[in-house]
Amino acid sequence: MCADTYWNPTLETLPAEKLHKLQLEKFRRIFTWAYTHSKFHHKLYSDAGIEPGDIRTFDDIHRVPKVEKSMMRSIQGKDPFPYGDMLCVPLDEVTEYHQTSGTTGQPVYQADTWQDWEWWAESWAYILWAQGYRPTDRVFLPFGYNVFVAFWAGHYGAEKVGCEVVPGGILDTQARVLKMQELKATALMATPTYVLGMADAAINKLGLDPARDLYIRKITVAGEPGGSIPTTKRRMEEAWGAKVYDHVGATEIGAWSYECTHQSGLHINEGLFLVEIEDIETGETITEPGRRGKMVITDFDRLAQPCIRFDSKDIIEWSPDRCDCGRTFRLLRGGVVGRADDITKVKGVLLAPTAIEEVVRSITELCDEFEVVVTKKGDLDDITLKVECVPGQQANIDVVRSKLVDQLRVKTNLGYNIEFHEYGTLPRYETKAKRFKDLRKKG
Ligand SMILES: [Zn+2]
């Protein structure tokens with residue numbers, strides 16, 4: 001591999017032993033920073049009887065108390081307003097405000113200093129470089145620039161790499177497609193839902209074929225699991241005639257992972273982040289491939305509101321493979337396969353919504369949009385899947401229905417009420433889709 005393959009040739013190819021030594025040093029540094037600069041962290045660690053001098057090995061790291069989102073919510077709104085005493089810098093050093101976009105609970109406020117913001121851009125530069133973005137690219141960002149971090153840092157990361165960046169802010173979907181065509185944009189970033197939604201609008205509203213009439217050759221997706229669901233990825237790649245690469249990040253964490261051009265799984269940026277996988281039930285650390293657990297993650301270099309052993313609830317597993325790109329940063333198999341919060345029991349069966357997506361997107365007669373609604377009828381759970389057929393396929397509804405029933409039974413062990421809706425009537429989303437609706441708790 002030539003040096004041009006990597007954004008940071010030294011760090012991305014560091015042998016495992018040296019990388020782990022560096023990680024331990026960096027963990028100790030950020031732990032000490034938080035312990036000495038934030039009342040929240042000082043109390044958390046003092047109560048657990050652990051201080052900076054105690055961190056000598058990875059086993060010591062596993063003893064450091066985890067931080068959950070609910071703990072962050074409980075301090076915010078207090079001084080220093082609105083972040084609370086987790087803040088490690090004076091308020092006047094904060095330059096960026098964002099908040100989480102989760103569907104449940106009060107949003108979490110996130111402060112960053114200008115140095116943190118440069119760190120965001122740097123972490124995105126790793127992603128984009130690995131996915132083949134170069135200074136010759138013209139990158140289009142079709143998202144609403146607002147309080148959610150979304151692709152904000154992707155914008156700055158693309159500039160850092162040297163790309164030309166077109167902010168597609170408040171334009172509507174059709175205007176965005178036309179602007180991409182007009183400017184011959186070569187790359188874009190969006191959620192999988194919106195990548196498919198834009199293709200749908202191009203084809204059915206503008207009479208354009210994105211693969212033929214536009215110039216997009218690579219797409220970075222984030223915000224939903226679709227980039228690592230093979231059937232969804234194939235749909236996006238075929239619609240756009242482009243390579244689609246997954247990325248997973250979060251407001252409270254940062255841009256911690258990326259697929260490279262080899263598309264062999266998600267690389268963790270182990271130079272900037274420490275990822276641990278914990279067994280959901282026992283809390284035991286999982287080091288071997290092929291066993292799922294939840295991610296506990298640490299940012300080494302984020303200063304205003306540090307992220308140290310954050311309990312992300314993302315379900316992941318180590319890949320047994322090494323990537324042909326030559327990076328020593330480890331791979332996750334299948335990306336983020338779900339969230340501990342999303343995996344729910346329906347009719348006594350554990351259901352991960354990603355399994356339904358995989359089935360729907362594998363059936364070519366069906367549109368990209370779908371919705372799952374779980375309700376209670378008496379004491380029994382009832383699950384409905386709403387789908388739309390592609391225009392011209394309405395005559396095949398019976399065949400499609402039986403395909404769906406069979407494959408859903410195999411993949412999820414559940415029977416569904418299948419509802420066919422008229423093309424274009426299910427909700428369309430520009431950012432994270434809300435396709436899974438559990439109405440049982442509301443009675
Ligand atoms: Zn790779």
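Residues numbered from 1 in each chain as written. Predicted model: local features only at pLDDT ≥ 70, side-chain atom pairs only at ≥ 80, totals over all residues. Heavy atoms only, no water.

## Notes on the overall build of the protein chain
To be explicit about the condition: Every helix listed is a DSSP run of H or I at least four residues long, and every strand listed is a run of E at least two residues long, numbered separately from the N terminus. Here the term buried applies to any residue with accessible area under 20% of the maximum for its type, exposed to any over 50%, and partly exposed to those in between, with areas from a 1.4 Å probe on protein chains only. In what follows, residue pairs with any heavy atoms lying within 4.5 Å of each other are defined as contacts. Note on areas: these come from Shrake-Rupley sampling with a 1.4 Å probe, and a residue is covered only by the protein chains present in the view.
Across its full length, the protein chain carries 13 helices and 20 strands. Burial status across the protein chain gives 54% buried among its 443 residues. Here the contacts in the protein chain between residues at least 6 apart in sequence split such that 68% fall between residues at least 24 apart. Of the accessible surface of the protein chain, which amounts to about 19300 Å², a share of 52% is contributed by carbon and sulfur atoms.

## So, the coordination of the zinc ion
As a reminder of what qualifies: Note on donors: an N, O or S atom is included if it sits within 2.8 Å of the metal, or within 3.2 Å for Na, K and Ca, and water is never included, so sites can look incomplete. The rule is simple: four donors are tetrahedral if all their angles sit between 85 and 135 degrees, four are square planar and six octahedral if opposite donors span more than 155 degrees and the others lie between 65 and 115, and anything that fits none of that is irregular.
Bound to the zinc ion on the protein side are Cys260 (SG), His267 (NE2), Cys323 (SG) and Cys325 (SG), at distances that span 2.1 to 2.3 Å. In this structure, the zinc ion is coordinated by four donor atoms arranged in tetrahedral fashion, with angles at the metal of 102 to 119 degrees. Spacing between the donor residues of the zinc ion along the chain follows C-x6-H-x55-C-x1-C. Taken together, the residues His267 in strand β9 (residues 266–268) and Cys325 in the loop between β12 (310–316) and β13 (331–332) connect sequence positions 58 residues apart. Taking the relative accessible area as the measure of exposure, Cys325 reaches 1% and is therefore buried.

## Notes on the environment of Val64
Assignment of secondary structure puts Val64 in the loop between α4 (58–62) and α5 (69–75). Residue classification places Val64 among the buried residues on the basis of a relative accessible area of 1%. The sequence separation of Val64 and Trp129 amounts to 65 residues, and the corresponding C-alpha distance is 34 Å. Setting aside anything within four residues of it in sequence, one finds Val64 in contact with Phe27, Phe31, Tyr45, Ile50, Ile55 and Arg309.

## Notes on the packing of aromatic side chains
Put simply, the rule is: In this scheme Phe, Tyr and Trp rings, the latter by its six-membered ring, pair at centre separations within 6.5 Å, and the angle between planes marks the pair as stacked below 30 degrees, edge-to-face above 60, and tilted otherwise. The rule for a charge over a ring is simple: NZ of Lys or CZ of Arg within 6 Å of the ring centre, and within 35 degrees of the ring normal.
What the rule picks out here adds up to 14 aromatic pairs. Note on Tyr97 and Tyr109: the rings are 5.8 Å apart at their centroids and 50 degrees apart in plane angle, and the pair reads as tilted. Placement of Tyr97 in strand β1 (residues 94–99) and of Tyr109 in strand β2 (residues 109–113) is noted, with a sequence separation of twelve residues between them. Centroid distance Phe143 to Phe151: 5.9 Å. Interplanar angle 65 degrees. Geometry classified as edge-to-face. Among the aromatic side chains, those forming a connected cluster through ring pairs are Trp117, Trp119, Trp120, Tyr156 and Phe273. It is Lys218 that lies over the ring of Tyr133; its NZ or CZ is 5.6 Å from the centre.

## Focus on the pattern of salt bridges
Heads up, the rule is: Think of a salt bridge as a Lys or Arg side-chain nitrogen and an Asp or Glu carboxyl oxygen that are within 4 Å of each other.
Tallied over the entire structure, the rule returns 42 salt bridges. Salt-bridge contacts for Arg361 lead to Glu357; the nearest nitrogen and oxygen are separated by 3.1 Å. With a relative accessible area of 4%, Arg361 lands in the buried category. For Lys376, the salt bridge goes to Asp381, with nearest N and O atoms at 3.0 Å. One continuous salt-bridge network, built from bridges that share partners, spans Lys66, Glu276, Glu278 and Arg309.

## Comments concerning the sheet that holds strand β11 (residues 293–299)
Heads up, the condition is: Here a strand pair is declared whenever DSSP counts at least two bridges between the two strands.
If you trace the four strands from one edge of the open sheet to the other, you get β10-β11-β12-β14, paired in antiparallel fashion. Whereas interior strands pair on both sides, the edge strands pair on one side only; in this sheet they are β10 (273–278) and β14 (338–339).

## Brief notes about the nonpolar core
Our working rule: Residue types Ala, Val, Leu, Ile, Met, Phe, Trp, Tyr and Cys, when buried and joined through side-chain atoms within 4.5 Å, form a set referred to as a nonpolar core.
Of all hydrophobic cores here, the largest spans 74 residues; its most connected members are Phe27, Trp124, Met189, Trp256 and Ile297. When residues in this core are grouped by element, the largest group, ten residues, is from helix α6 (residues 114–130). Setting aside anything within four residues of it in sequence, one finds Trp124 in contact with Phe151, Ala153, Gly154, Gly157, Met189, Thr220, His247 and Ala255. Within the second largest apolar cluster, 23 residues are counted, among which are Phe140, Tyr194, Val195 and Leu208.

## Some details on a nonpolar patch on the surface
Here is the rule we go by: In this analysis, a patch consists of residues with relative accessible area above 30% that form no salt bridge, clustered at 9 Å for like charges and at 5 Å for the nonpolar side chains Val, Leu, Ile, Met, Phe, Trp and Tyr.
Together, Tyr97, Val147 and Phe148 make up a nonpolar patch on the protein surface, roughly 220 Å² of accessible area in all. Among the secondary structure elements, Phe148 is positioned in the loop between β3 (138–141) and α7 (152–161).

## A short note on the pairing of strand β5 (residues 187–190)
Neither face of β5 is left uncovered, since the one carrying Ala187 and Met189 and the one carrying Leu188 and Ala190 both have all their residues buried. Bridging between β3 and β5 involves two bridges; their strand directions are parallel. Following the sheet pairing, Phe140 is matched in β5 by Leu188. For β5 and strand β6 (residues 218–221), the ladder comprises four bridges, and the chain directions are parallel. By the bridge assignment for β6, Met189 is matched with Thr220.

## Considering the sheet that holds β13
Our working definition: Convention adopted: a line fitted to C-alpha atoms gives each axis, helices being fitted over their contacting stretch, and angles between N-to-C directions are expressed from 0 to 180 degrees.
Sheet architecture is open: eight strands sit in the order β4-β3-β5-β6-β7-β8-β9-β13, paired in mixed fashion. What marks the edges here is a single partner per strand, and that holds for β4 (164–167) and β13. Here α7 sits on the sheet and contacts β3, β4 and β5; the angle it forms with β4, its principal contact strand, is near 155 degrees.

## Regarding helix α3 (residues 39–47)
Applied cut-off: Directions drawn from the helix axis to the C-beta atoms are what define this arc.
Among the residues of α3, Phe40, His41, Leu44 and Tyr45 are the ones counted as buried. Within α3, the buried residues cover an arc of 115 degrees as seen down the axis, which keeps them to one side. Opposite the packed face of α3, turned more than 90 degrees from it, sit the exposed residues Lys39, Lys43 and Asp47. Residues of α3 that are buried in the fold lie against α2 (16–37) and α5. Just downstream of α3, Gly49 is the residue with a positive phi angle, here 70 degrees.

## A short note on the pairing of β12
Taking burial as the measure, the seven residues of β12 include seven buried ones, the bulk of the element. Taking every second residue as pointing to the same face, both faces of β12 are buried, with Phe310, Ser312, Asp314 and Ile316 on one and Asp311, Lys313 and Ile315 on the other. One ladder, built from four bridges, connects β11 with β12; its direction is antiparallel. Counterpart to Lys294 in the pairing with β12 is Ile315. Summarising the sheet, β12 and β14 pair through two bridges and their orientation is antiparallel. Bridged to Ile315 within β14 is Gly338.

All quantities given are derived from atomic positions and should not be read as evidence of function.
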